[in-house]
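The residues making up each chain are set out below.
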Amino acid sequence: MSRFRYFPIVIMLATASCNQKSTVLVEDLANFHSDTFVVDLSKSYYRLKPEIKLFEKKLGLPSLDTGFNGLQLRLTAGLKGDGLGYIVLTNQNNSWTGKYWKINYQLNMQQDSFVSFQSLEKEIEPESGWSYLSRRLAELDLLYLPDLSATKSNGVLNVNVEFASKTQHRYYYMVEPDDYPDYPDAAKLTRIVKLLRKEFDIEF
């Protein structure tokens, strides 16, 4: 019997073209200097890796395991039994485009293939413009929030964030702020999710 799992929202910053420019998130990552490729992956990444790879293949997305020629960031979150919101934001030469999928799916017992998969796809653009969105995401520390994969959450919202560049690949897990009322970084997560819902007028 297949079962639904806690579904991650996915946001991805990838490469493509758009007519509006913003450098905030790109500059944030450019300020990270390393002579080697730095990998910082949470425990949840290894637990969810087979599922992550299934989605990459199904949606035609590249693996971030060896980095990305530009900036690509994915944020996944959703409600148990209520599907998955999957956003792809794309940047190349400081220009942006966006895509969004609303997905309902079931995995088999081995968690290595889809029993069912339905999705709706649309192009998206932030209501307030790419410059504003990029700046707000940077102000909310989207690239730097800590990993909480070692914690146990009973909340509804669980969020996984993944990003990669030429020098770095990071994946971290955040939980619903109601579980951690005194934890400011969890509160930032709520603000990020609300920002994305508002700017793109989408369901998470």
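Residues numbered from 1 in each chain as written. Predicted model: local features only at pLDDT ≥ 70, side-chain atom pairs only at ≥ 80, totals over all residues. Heavy atoms only, no water.

### What to know about the pattern of salt bridges
Part 1 of the reasoning: Applying the stated criterion across every chain yields a total of 12 salt bridges.
Part 2 of the reasoning: Across the pair D65 and K49 runs a salt bridge whose closest N-O atoms are separated by 3.9 Å. Taken together, the residues span a long stretch of sequence, with D65 in the loop between α2 (43–59) and β3 (72–78) and K49 in helix α2 at a distance of 16 residues.
Part 3 of the reasoning: By relative accessible area, K49 is classed as partly exposed at 30%.
Part 4 of the reasoning: One salt-bridge network, in which partners are shared between bridges, spans K49, K53, E56, D65 and R74. (Salt bridge = Lys/Arg side-chain N within 4 Å of Asp/Glu carboxyl O. Helix = DSSP H or I, 4+ residues; strand = E, 2+ residues; numbered from the N terminus. Buried < 20%, exposed > 50% of the residue type's maximum accessible area, 1.4 Å probe, protein only.)

### Some points on the pairing of strand β5 (residues 95–107)
Part 1 of the reasoning: In terms of strand pairing, strand β4 (residues 84–92) meets β5 through 9 bridges, oriented antiparallel. Pairing of L84 across the sheet is with I103, part of β5.
Part 2 of the reasoning: Between β4 and β5, which pair antiparallel in sequence order, lie 2 residues; one of them, N93, sits at a positive phi of approximately 55°.
Part 3 of the reasoning: Examined bridge by bridge, β5 and strand β6 (residues 114–123) share 9 bridges and lie antiparallel to one another. Note on β6: the bridge partner recorded for K99 is E123. (Pairing = 2+ DSSP bridges.)

### Observations regarding α2
Part 1 of the reasoning: Taking 1.5 Å per residue, 17 residues should reach 24 Å; α2 reaches 24 Å between its end C-alpha atoms and fits that length.
Part 2 of the reasoning: At K49, α2 shows its maximal bend, which comes to roughly 60°, and the proline P50 appears one to four places after that position.
Part 3 of the reasoning: Immediately downstream of α2, the backbone of G60 shows phi near 70°, a positive value. (Expected span 1.5 Å × (residues − 1). Bend = angle between axes of the 7 residues up to and from the residue.)

### Thoughts on the packing of helix α3 (residues 130–139) against helix α4 (residues 184–200)
Part 1 of the reasoning: The contact between α3 and α4 brings their axes to 11 Å, and the two run at 170°. Taken together, the axis directions place α3 and α4 in an arrangement best described as roughly antiparallel. Every residue of α4 that contacts α3 at W130, Y132, L133, R136 and L137 is listed here: R191, I192, L195, L196, E199 and F200.
Part 2 of the reasoning: A class-by-class count of the residues in the contact of α3 with α4 yields 8 nonpolar, no polar and 3 charged. (Axes fitted to C-alpha atoms, helices over the stretch in contact; angles between N-to-C directions. Parallel < 35°, antiparallel > 145°, perpendicular 65-115°, else oblique. Contact = heavy atoms within 4.5 Å. Nonpolar A, V, L, I, M, F, W, Y, C, P; charged D, E, K, R; others polar.)

### Here's the deal with the confidence of the model for the chain
Part 1 of the reasoning: Model confidence for the chain is summarised by a mean pLDDT of 79, while 77% of its residues fall at 70 or above.
Part 2 of the reasoning: Per-residue pLDDT stays below 50 along residues 13–21; that stretch engages in 44 contacts with residues further than four places along the chain or on separate chains. (pLDDT = per-residue confidence, 0-100.)

### A closer look at the environment of Y172
Part 1 of the reasoning: Assignment of secondary structure puts Y172 in strand β8 (residues 168–175).
Part 2 of the reasoning: Between the alpha carbons of Y172 and D147 there is a distance of 4.7 Å; along the sequence they are 25 residues apart.
Part 3 of the reasoning: Not counting the four nearest positions on each side in its chain, Y172 is found in contact with S42, D141, L142, L145, P146, D147, V159, N160 and V161.
Part 4 of the reasoning: Polar contacts involving the side chain of Y172 include one to the main-chain carbonyl oxygen of L142, which spans 2.4 Å. (Polar contact = N/O pair within 3.5 Å; in protein donor to acceptor, adjacent residues only side chain to side chain.)

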